[in-house]
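Structural overview
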Amino acid sequence: ITYAVREARMNGYTQSYENNIGTIVAKKTIDVTFTNTPSFGNISVQKVISGTDVNTNKEFDFTVTLSDNTINDTYSGIEFKNGVATFKLKHNETKLIEGLPSGIKYTVTEGNVSGYTQNAENSTGTVPANNNTEYVKFTNIPSLGNISVQKIVSGDNSDTTKDFNFTLTLSDTTINGKYGDMTFKNGISTFKLKHKESKNATDLPVDIQYIVTETITDNGYTVEYEGEKGVINANQTSVASFTNTKNITKPIIIPTGTLSVKKEVAGNAADETKEFPFKV
């Protein structure tokens, strides 16, 4: 009769065998040999942010999850606990994890991608054998938005040539450089606007919060504002409008009149020379 001997595949080993398939021969012992050799592979995780003026200081969180949750060891400085490891990458950084047991499955996920559209390549797969490497690449494209600050001056005593001082503060203090009409330092931009002028900050990362404030140096103006606080939205322009009004102060006119007090003394014994006191 014929026979077949098979060994269940074991992750982390390459398998070789002899005489595992054959025919039983009378009065003869057939030796079936299986040889397992430890085999390892690598995973390379790369991070790229697409576009110009990218924030190269922003860190992104990554998690590698292995199908073998008994793995508790350190590989290339990355510590795995129950088959899970975490690390951070910036733009153009790569993390190479070497010496993982071959044959086990992996999944790589990226966190905190708010404000970006994500493209992942080879994020799931199997650790290769013979010290080969699986390459995982995450490319994030920033989602961008804009903000426009607009100024109107009104009233019969206003000065349309006057500069008004503004400050735009972003919640992301890593924003530096020129964005449209505004220049930021640590997420803050200061600028001046006259009547009917506006300034636009363009291509800002989405989901960051903003607040626009105006410094009033002339107390004669009343200020009305709209949209001074908000969040940068993808492919939209948020508008913060400020209207300053100053009118001529008109004096209050009080009507006046005259009061006349007259005194008469009557009777045949009256003293017409006597003075009588009065109080109004």
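Notes on the structure in this doc start here. (Residues numbered from 1 in each chain as written. Predicted model: local features only at pLDDT ≥ 70, side-chain atom pairs only at ≥ 80, totals over all residues. Heavy atoms only, no water.)

Once that is clear, we can look at the layout of surface pockets. Size it by volume and the second largest pocket reaches roughly 160 Å³. What lines the second largest pocket is Asn55, Lys58, Asn112, Ser114, Gly115, Tyr116, Asp172, Pro205, Val206, Asp207 and Ile208. (1 Å grid on protein atoms, 1.4 Å probe; cavity = no way out; pocket = protein on both sides within 12 Å on 5 of 7 lines; lining within 4 Å. Points joined across faces, edges and corners; volume = space filled by probe spheres on them.)

With that settled, consider the pattern of salt bridges. Counted according to the given criterion, the structure contains five salt bridges. Between Asp61 and Lys88 there is a salt bridge, with the nearest N and O atoms lying 2.4 Å from each other. Highlighted residues: Asp61 in strand β6 (residues 60–66) and Lys88 in strand β9 (residues 84–89), separated in sequence by 27 residues. Taking relative accessible area as the criterion, Asp61 reaches 30% and is therefore assigned partly exposed. Lys88 sits in the partly exposed class, given a relative accessible area of 46%. (Salt bridge = Lys/Arg side-chain N within 4 Å of Asp/Glu carboxyl O. Helix = DSSP H or I, 4+ residues; strand = E, 2+ residues; numbered from the N terminus. Buried < 20%, exposed > 50% of the residue type's maximum accessible area, 1.4 Å probe, protein only.)

The next point concerns the nonpolar core. Ranked by size, the top nonpolar core spans 24 residues in total, and within it Val45 and Phe80 carry the most contacts. Put simply, the parts of the chain that give this core at least two residues each are β5 (40–49), β6, β9, β10 (94–101), β11 (105–110) and β14 (133–142). Looking at this core, the element that brings in the most residues is β6, giving four residues. With near-sequence residues (within four places) excluded, Val45 lies in contact with Phe62, Phe87, Leu89, Glu93, Thr94, Lys95, Val108, Val136 and Phe138. Of all hydrophobic cores here, the second largest spans 22 residues; its members include Phe164, Leu170, Ile208 and Val212. (Core = buried A, V, L, I, M, F, W, Y, C linked by side-chain atoms within 4.5 Å. Contact = heavy atoms within 4.5 Å.)

Topologically, Tyr17 is positioned in strand β2 (residues 13–18). Here the alpha-carbon distance between Tyr17 and Glu7, two residues 10 residues apart in the chain, equals 9.3 Å. If sequence neighbours within four positions are ignored, Tyr17 has contacts with Thr33 and Phe34.

This paragraph deals with the packing of aromatic side chains. Applying the stated criterion across every chain, the model contains 10 aromatic pairs. Ring plane angle 15° and centroid distance 5.9 Å describe the contact between Phe62 and Phe87, whose orientation is recorded as stacked. Of this pair, Phe62 sits in strand β6 while Phe87 sits in strand β9, and the two are 25 residues apart along the sequence. Their ring planes at 10° and their centres at 5.9 Å tell us that Phe166 and Phe191 sit as a pair that is stacked. Remark: Phe191 occurs in strand β19 (residues 188–193) and Phe166 occurs in strand β16 (residues 164–170); sequence separation between them is 25 residues. As far as burial versus exposure is concerned, Phe166 and Phe191 are alike and both buried. (Phe/Tyr/Trp six-rings, centres within 6.5 Å; stacked < 30°, edge-to-face > 60°.)

What follows deals with the sheet that holds β5. In space, the four strands of this open sheet follow the order β10-β5-β14-β12, with mixed pairing throughout. Lying at the two open borders of the sheet, with one neighbouring strand each, are β10 and β12 (116–121). The average undirected angle you get between the axes of adjacent strands in this sheet is 15°. Bridge count for β5 against β10 is six bridges, and the pairing is antiparallel. Each residue of the ladder has a partner; that of Ile43, found in β10, is Ile97. (Pairing = 2+ DSSP bridges. Axes fitted to C-alpha atoms, helices over the stretch in contact; angles between N-to-C directions.)

Examined against the element boundaries, Thr237 turns out to sit in strand β24 (residues 237–245). The spacing of Thr237 and Phe80 is 157 residues in sequence and 44 Å in space, taken between C-alpha atoms. Not counting the four nearest positions on each side in its chain, Thr237 is found in contact with Asn146, Ile147 and Ser148. One polar contact links Thr237 to Asn146, side chain to side chain, over a distance of 3.2 Å. (Polar contact = N/O pair within 3.5 Å; in protein donor to acceptor, adjacent residues only side chain to side chain.)

Moving on to the sheet that holds strand β22 (residues 222–226). Ordered in space as β20-β15-β24-β22, the four strands form an open sheet in which the pairing is mixed. Since the sheet does not close on itself, it has two edges, and those belong to β20 (198–205) and β22, each with one partner. Going from strand to strand, the sheet's axes swing by 15° on average, the running direction of each strand aside. Two strands pair when backbone bridges link them, and strand β15 (residues 144–154) and β24 are joined in this way by nine bridges, in the parallel orientation. The residue of β24 that forms the bridge with Ile147 is Ser238.

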